[in-house]
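# Inside the fold
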Amino acid sequence: MRLFIILLCLSLLCPIICACAEEVKVPYVHPEAFEVPDNEAMALLSDMGVGWNLGNTFDAYQDSGVKNELSMETIWCGVKTTREAIAAVRAAGYRTLRIPVSWHNHVTGEDFTISEAWLSRVQEVVDWGLAEGMYVILNIHHDDGEAWYYPSSQCYEASAHYLSCIWSQLAARFRDYDQHLIFECINEPRLKGHANEWYFDTGSAACRDAANCINRLNQVFVDIVRASGGANAYRYLMVPAYDASADCATGSFFSLPTDSADNRLIVSVHAYTPYSFALQDGGESRFVLSAAKQTGEITSFMNRLYNHFIRNGIPVVIGEFGARDKQGNLQFRVNYASFYTAAARARNL
């Protein structure tokens, strides 16, 4: 029976593998490199290279009925992360591992004490990435809600308290880890459930208030980590603007926190661009390298990030990008990934 199952799996997989090998081609995309300042932060970005998100695992959560907290890792993807999986990611050429983590299902008390079992499991996977010689980004992910983190003046004190409690514990736990470990304040801070959740309107008082709160909460994060000492005194820290969007990061409502360390803050950006191809349901399923509109949307936002930050020596990490499968459009997604990563690399993003 075991032999039959193994052969069945191979018989199903082989045609797919062979078809991909014959039909899908990685295009050669090699844009001219932009001028980049010579400093440690720019060298760090270059060394980080292309990264991979361990998504739908430690960031998984549920609103009620949590019985076995360690099973939370598998409720969205059905697979427990293994040492071999992390090694395979590194062997494929990825030099950075981002580990999104939701904490609110794993805390108790007014000071949000993190479960030792959950924190130890997260630490185990962090250690696997570092053992592979990778950079590892650790964050607070889906803890968005008025009980935890919500960027409004009304919820500011509660949000600052939650952020302080979680990052105080994480900073203490990883205090002596070297600079291959990077902390990211929060994932895509926004007014969840608001009409402007995914669209920042400069004319909206609620949006402007949220942007101000995000700036203040980023400052809380930086102050907490720096005060913990050890390697945290000079660790690289990632901070986002509203929605972690490039437009908000380069707009007038975002400002970097003040920092006791010199140029150790990284701007955190997410960009599923162009949206019509990358994420929109029923949108464009083709990405053609000769299509100026599609490639132009990518180079446009990257140019803004380059001109606003990189050329001034300030590092930027695009922590998320990608394109969904639209009826087997693998070649077009390969085109997209090739162009996107090459364009980012040329600007040292």
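Residues numbered from 1 in each chain as written. Predicted model: local features only at pLDDT ≥ 70, side-chain atom pairs only at ≥ 80, totals over all residues. Heavy atoms only, no water.

## Some thoughts on the overall build of the protein chain
Note the following rule: Only DSSP runs of H or I reaching four residues or more are called helices, and only runs of E reaching two or more are called strands; each is numbered from the N terminus. We call two residues contacting when some pair of their heavy atoms lies within 4.5 Å. In this description, accessible areas are obtained by the Shrake-Rupley approach with a 1.4 Å probe, and a residue is regarded as covered only by the protein chains that are shown. Only four residue types enter the charge count: Lys and Arg as positive, Asp and Glu as negative, with His and the chain ends excluded. The atoms used to mark charge sites are NZ of Lys, CZ of Arg, CG of Asp and CD of Glu.
Within the protein chain, the regular secondary structure consists of ten helices and nine strands. Seen through its principal axes, the protein chain has C-alpha atoms that stretch 55 × 50 × 40 Å. Partitioning the intrachain contacts of the protein chain with sequence separation of at least 6 by distance along the chain shows that 77% fall at a separation of at least 24. Of the roughly 16500 Å² that the protein chain leaves accessible, carbon and sulfur atoms contribute 54%. The positive charge centre, built from 27 side chains, and the negative charge centre, built from 39, are 5 Å apart in the protein chain.

## With respect to the nonpolar core
Definition in use: Note on terminology: a nonpolar core comprises buried Ala, Val, Leu, Ile, Met, Phe, Trp, Tyr and Cys residues joined through side-chain atoms within 4.5 Å. Three labels apply to residues, based on accessible area from a 1.4 Å probe with only protein chains included: buried if under 20% of the type maximum, exposed if over 50%, partly exposed otherwise in between.
Ranked by internal contacts, the top residues of the largest apolar core, which has 94 residues, are Trp103 and Phe221. With ten residues, helix α6 (residues 205-227) is the largest single contributor of residues to this core. Setting aside chain neighbours within four positions, we find tryptophan 103 in contact with Ile114, Trp118, Leu119, Val122, Leu138, Asn139, Ile140, Asp143, Tyr162, Ile166 and Leu170.

## Description of the pattern of salt bridges
As a working rule, side chains carrying opposite charge can pair if their charged atoms are close by. Operational definition: In what follows, salt bridge is the name for a side-chain nitrogen of Lys or Arg lying within 4 Å of a carboxyl oxygen of Asp or Glu.
Taken as a whole and assessed by the stated rule, the structure comprises 15 salt bridges. The shortest N-O distance in the salt bridge between arginine 83 and glutamate 132 comes to 2.6 Å. A residue pair is termed long-range when its members are at least 10 positions apart, and arginine 83 in helix α3 (residues 83-91) and glutamate 132 in the loop between α4 (116-131) and β5 (135-139) qualify at 49 residues. Here glutamate 116 and arginine 173 are joined by a salt bridge, their closest N and O atoms 2.8 Å apart. Here the residue glutamate 116 occupies a position in helix α4, and arginine 173 occupies one in helix α5 (residues 156-173), the gap between them amounting to 57 residues. You can call arginine 173 partly exposed: its relative accessible area is 24%.

## Things to note about helix α10 (residues 330-346)
What counts here: One less than the residue count of a helix, multiplied by 1.5 Å, gives the span that helix is expected to have.
In this model α10 runs 24 Å from its N-terminal to its C-terminal C-alpha over 17 residues, within 8% of the 24 Å that 1.5 Å per residue would give. Lining the buried residues of α10 we find α8 (275-278), α9 (292-308) and β9 (316-320). One or two steps after α10, the chain reaches asparagine 348, where phi turns positive at roughly 60°.

## Points about α4
With 16 residues, α4 extends 22 Å from end C-alpha to end C-alpha; this agrees with the ideal 22 Å at 1.5 Å per step. The complete set of buried residues in α4 reads Trp118, Leu119, Arg121, Val122, Gln123, Val125, Val126, Trp128 and Gly129. Buried residues belonging to α4 abut α3, β2 (96-99), β4 (113-114), β5, α5 and β6 (181-184). At the C-terminal side of α4, glycine 133 shows a positive phi close to 80°.

## Description of the environment of lysine 25
Of note, lysine 25 is situated in the loop between α1 (2-23) and α2 (40-48). Sequence separation of lysine 25 and asparagine 105 is 80 residues, and the distance between their C-alpha atoms is 43 Å. Filtering out sequence-adjacent residues up to four positions away, lysine 25 remains in contact with Gln331, Val334 and Asn335.

## Considerations on the sheet that holds β9
Counted only if it meets this: Strand pairing is defined by DSSP finding a minimum of two bridges between the two strands. Helix axes are fitted only over the stretch in contact, all axes being lines through C-alpha atoms; the angle between N-to-C directions runs from 0 to 180 degrees.
Taken in spatial order, the seven strands line up as β1-β2-β5-β6-β7-β8-β9 in an open sheet, and their pairing is parallel. Strands at the two margins of the open sheet, each flanked by one partner only, are β1 (51-53) and β9. The average undirected angle you get between the axes of adjacent strands in this sheet is 30°. Relative to β5, β2 is paired through four bridges, and the arrangement is parallel. By the bridge assignment for β5, threonine 96 is matched with tyrosine 135. Set on the sheet, α5 makes contact with β5 and β6; between it and β6 the angle comes to about 175°.

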